[in-house]
Amino acid sequence: MLSSKVINESHGQDSSYFLGWQEYEKNPFHETLNPSGIVQMGLAENQLSFDLIESWLDDHPEVLGLKKNEESVFKHLALFQDYHGLPAFKIAMAKFMEKIRGSKVKFNANKMVLTAGSTSANETLMFCLANPGDAFLIPAPYYPGFDRDLKWRTGVEIVPIHCVSSNGYKITKEALEDAYERAHKLNLKVKGVLITNPSNPLGTSTTRDELDLLLTFTSAKKIHMVGDEIYSGTVFDTPEFTSVLEVAKDKNMDLDEKIHVVYSLSKDLGLPGFRVGLIYSNNEKVVSAATKMSSFGLISSQTQHLLANLLSDERFTTKYLEENRKRLRERRDRLVSGLKKAGIGCLKSNGGLFCWVDLRHLLTSNTFEAEHSLWTKIVCEVGLNISPGSSCHSDEPGWFRVCFANISDQTLEVAMDRVHGFVEAMVMNTNHGKQKRTMWDSRRRSLINKWVSKLSSVQCESER
Amino acid sequence: MVALTAAKQDQNLLSRMAAGDGHGENSAYFDGWKAYEENPFHPIDRPDGVIQMGLAENQLCGDLMRKWILEHPEASICTAEGVNHFSDIAIFQDYHGLPEFRQAVAKFMEKTRNNKVKFDPDRIVMSGGATGAHETVAFCLANPGDGFLVPTPYYPGFDRDLRWRTGVNLVPVTCHSSNGFKITVEALEAAYENARVSNIPVKGLLITNPSNPLGTTLDRDCLKSLVKFTNDKRIHLIADEIYAATTFGESEFISVAEVIEEVPDCNRDLIHIVYSLSKDMGLPGLRVGIVYSYNDRVVQIARKMSSFGLVSSQTQHLIAKMLSDDDFVDEFIRKSKLRLAARHAELTTGLDGLGIGWLKAGAGLFIWMDLRNLLKTATFDSEMELWRVIVHKVKLNVSPGGSCHCNEPGWFRVCFANMDHKTMETALERIRVFTSQLEEESLKLTKPMAAPPMVAKKKMCWQSSLRLSFKDTRRFDEGFFSPRSPVPQSPLVRAQI
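In this report, the structure presented in the accompanying data block is examined.

Describing the overall build of chain B
Point 1. Of the regular secondary structure elements, chain B holds 17 helices and 13 strands.
Point 2. Counting all 497 residues of chain B, 61% fall into the buried class.
Point 3. The contacts of chain B with a sequence gap of at least 6 include a subset with a gap of at least 24, amounting to 75%.

So, helix α4 (residues 62-71) of chain B
Along an α-helix, residues three or four positions apart point the same way, because every turn accommodates 3.6 residues.
Point 1. Among the residues of α4(B), those classed as buried are Leu64(B), Met65(B), Trp68(B) and Ile69(B). Looking straight down α4(B), one finds that the buried residues subtend no more than 130 degrees of arc, so they occupy a single side.
Point 2. For α4(B), the secondary structure elements touched by its buried residues are α4 (74-79) of chain A together with α13 (313-324) and α14 (326-353) of chain B.

Brief notes about the pattern of salt bridges
Point 1. Tallied over the entire structure, the rule returns 51 salt bridges over all chains.
Point 2. Among the ionic pairs, Arg208(A) bridges to Glu246(A), the shortest N-O distance being 2.7 Å. Of the two residues, Arg208(A) sits in helix α9 (residues 208-221) while Glu246(A) sits in helix α10 (residues 244-250), which places them 38 residues apart along the sequence.
Point 3. Owing to a relative accessible area of 7%, Glu246(A) belongs among the buried residues under this scheme.
Point 4. Taking the shortest distance from any N to any O, the salt bridge between Lys111(B) and Asp326(B) comes out at 3.1 Å. Of the two residues, Lys111(B) is situated in helix α6 (residues 99-111) and Asp326(B) in helix α14; the sequence distance between them amounts to 215 residues.
Point 5. Three or more residues joined by partner-sharing salt bridges are found here, namely Asp51(A), Glu323(A), Lys326(A) and Arg327(A).

What to know about the packing of helix α6 (residues 117-129) of chain A against helix α11 (residues 284-293) of chain A
All names here are of chain A.
Point 1. For the pair α6 and α11, the least separation of the axes is 10 Å and the interaxial angle reads 125 degrees. Regarding the angle of α6 to α11, the classification is oblique. Pair α6 / α11 crosses with right-handed handedness. Contact residues: Thr124, Leu125, Phe127, Cys128 and Leu129 in α6; Val286, Ala289, Ala290 and Met293 in α11.
Point 2. Residue composition of the contact of α6 with α11, grouped by class: eight nonpolar, one polar and no charged.

Some remarks on the packing of aromatic side chains
Point 1. Considering all chains together, one arrives at 24 aromatic pairs over all chains under this definition.
Point 2. With a centroid separation of 5.0 Å and an interplanar angle of 90 degrees, the aromatic rings of Phe119(B) and Tyr292(B) are classed as edge-to-face. Separated by 173 residues along the polypeptide, Phe119(B) in the loop between α6 and β2 (124-128) and Tyr292(B) in strand β8 (residues 288-293) bring together distant segments of the chain.
Point 3. An angle of 80 degrees between the planes, with centres 6.3 Å apart, marks the rings of Phe248(B) and Phe416(B) as edge-to-face. One end of the pair, Phe248(B), is in the loop between β6 (236-240) and α11 (256-259); the other, Phe416(B), is in the loop between β13 (411-415) and α16 (421-446), with 168 residues separating them in the sequence.
Point 4. Aromatic ring contacts, followed pair by pair, group Phe50(A), Phe274(A) and Phe86(B) into a single cluster.
Point 5. A cation over an aromatic ring shows up here: Arg101(A) above the ring of Tyr263(A), its NZ or CZ 6.0 Å from the ring centre.
Point 6. Seen from the ring of Tyr192(B), Lys233(B) lies directly overhead, with NZ or CZ sitting 4.8 Å from the centre.

Observations regarding the sheet that holds strand β5 (residues 135-140) of chain A
Residues and elements named next belong to chain A.
Point 1. As summarised here, the arrangement of the seven strands in space is β4-β10-β9-β8-β7-β5-β6, forming an open sheet in which the pairing is mixed. On the outer flanks of this sheet lie β4 (112-115) and β6 (157-162), each paired with one strand and no other. Within this sheet the neighbouring strands show an average axis-to-axis angle of 25 degrees, counted without direction.
Point 2. Looking at chain direction, β4 and strand β10 (residues 277-281) are connected through four bridges and run antiparallel. If you follow methionine 112 over to β10, its bridge partner there is tyrosine 280.
Point 3. Each of β5, β7 (190-196), β8 (224-228) and β9 (259-264) is contacted by α9, which is oriented at about 170 degrees to β7, the strand it contacts most.

Criteria and cut-off values
Residues numbered from 1 in each chain as written. Chains lettered and ligands numbered in written order. Predicted model: local features only at pLDDT ≥ 70, side-chain atom pairs only at ≥ 80, totals over all residues. Heavy atoms only, no water. Helix = DSSP H or I, 4+ residues; strand = E, 2+ residues; numbered from the N terminus. Buried < 20%, exposed > 50% of the residue type's maximum accessible area, 1.4 Å probe, protein only. Contact = heavy atoms within 4.5 Å. Arc of directions from axis to C-beta. Salt bridge = Lys/Arg side-chain N within 4 Å of Asp/Glu carboxyl O. Axes fitted to C-alpha atoms, helices over the stretch in contact; angles between N-to-C directions. Parallel < 35°, antiparallel > 145°, perpendicular 65-115°, else oblique. Left-handed = near helix turned anticlockwise from the far one by under 90°. Nonpolar A, V, L, I, M, F, W, Y, C, P; charged D, E, K, R; others polar. Phe/Tyr/Trp six-rings, centres within 6.5 Å; stacked < 30°, edge-to-face > 60°. Lys NZ or Arg CZ within 6 Å of the ring centre and 35° of its normal. Pairing = 2+ DSSP bridges.

Rendered as structure tokens:
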């Protein structure tokens, strides 16, 4: 009676990534109202710089009044459903993206397609570049949402490019060739490579050498290169952010029709609710087809209008990017030092809204079962919703993505205290051996049992 | 190794979906739009430009909306009164949508159905306009290769929205002018059989009520028959009700939500409604589409799919506040209907005076105009010829019936709610001039041979491609068309006796 997309549940939202969310929503932490609730550290949102936007709005009351140059723009906006988008908005986006790249890349508004968030941009690109049954190679670990966004309704497959902690997760030629071969063995036609730069979940930006290698590879194989650069404005440390388009320019490939970039304002500006995404492509046919497809998810004209005004203010955007990066770095440093005190290390990051945390030493065995067991303890007992590496398709158990930009300083303190307490208790348990059961231990066991049975039966309904 | 030609390389580089023309925009239908875009009418700047009568938009009540927004600064997150909500709204991306938004939309849907039905806010799923809603419903109910039955004529956009990325087929249910384009059980059964013979598993029936392009509403008996048909065949019924509040005059809109209460043993898991604020509120730019399903599983999955086209939280916030204002909403709906009725009357009175027929209907933002007697031959080629004359010479962009899959050439959809009074006057004047030129040509041909005039008149060479006898062949078939009588009893009822 229903389509196979409905019956098969191939939306990917039953993964642990989403289940942790559900539990958070049942028992969310609040400093005063629910201090023992679960702290949300699985949400890659940037909530650090709203005050800057709010104060800009205070200074620009005319943006809403719907009056522009003494004429009401309301009627125009209410009726504006042209999938080419508000010209002023696209131009402002182009300028903003250029600023983030230190003006090393120029963006032409005519090569831009507006979409309802990067979720829609990524799906639309797959519909345009690949047929059902084709494959895209993606460096793992990767954002769990890709399993839905890239595969669900498109029928496209993802073949992971294995990256390992031993070399800092660098993308190597061997790993690329290996992934390509594996796809071939599975009878999958590879249509392209998609990277997230800076990486989610790693928080590291792709180096110039890696980008060069990737472009050489995709060019030789005559396949597409998609750079999901939605975190480009969050790079707060060296090495500075390098866009795939910058390296393409250096290689005289800047007009190459197989290179595409995805962008969004959800992370850099912290505006995920507004659903602002885009595809940037040199390929006219892709722009043309994707523009038509954007009818299925256009950006509200009201939102385009607000953001066109906001982003056209060059002084504001310069100040915002600088201050935002500073706050992200401070917050990252606080998380890293807090974890370090507990003897926990992280991958050295230079961007993003999260850290890739190493908890391998806390695993009872080097397996994903042990990782899952550790994760349930952390969510249920410690009360932190973090994302297990397996949900990000990590090859090695024991790594977790921990977000830091969606909570207040005080909440971060609480989270760190809990981590310290947990690690101490684990150390205690190890020292005292299994015979000495503490009350805490049996409580933990019963909570885990309750938790595991909940996880296996519950249907996740929350958004990421 | 043989090098690939550039074209073949292109083919391999993009998906079949992107390389093909499933988007439907290569159809001649868009030539009218292009003509308009190249030379848009403006009363002062471009008085000879093309008047846009192919765009079904409700532009008559923008003033009411604007006034409300200015009086309610708290509904915006950009004002001093509303900015304290800014950060909460800006981060809100939950695909359940703001609860107050869903409640307000549910209430609005009830009001536009005269409060005869209740809508559950928890069944409201967001989508990127009705465009996104239709595609989502198709993804949920059908697999590639399956089919939906759709009564003709229908909205041309369905070819893209329901088929392009989903791989679903549309199987026409042919409706005829001879009975006012009513949907008959015979036509439904014939379409179902056609699909079977073509090996297309039918998964549902899609109706648009009120109809685009006809502007008619389905009466209660007809709706019940449709529900019974789909229930018996165990296929889905999708009711596109985006024009629910655009009824005026004597027309009564009855929602499928009301009718399912009256059909015993109706399996509600098969019933789904597509809704939007683009037509009823005249807000297409805000992209507010809704999937409302009585099937829990469909609600669940459509909600997950809504991630691909959520309504901007800024817009949800504004709409939640606006639609919660009962006095404003009641006043808006009332005034909108009055203004639609007035503009509709202006157009139809003008056409009546010129002897041009139109399908009697009391809803929508357009009329279904009858120009069959202007066709040289009763063919779609002739229709296209006539249409080109209307677009390029008369300079009105109207939609030819062929683009709406009408089975009979000569019908045109003409929109009236997207222009002001003066533009409407100009449009009617152009039609008047056009028809009088046709009559002149007709009279000239029937006169006895006379000495050629001293001054050669400017020859309207395009007129020779039209049938010239116009005035005497006005159609008054069976009371379905203007200028007389109400719509007779539904043929579906007669068929059951």
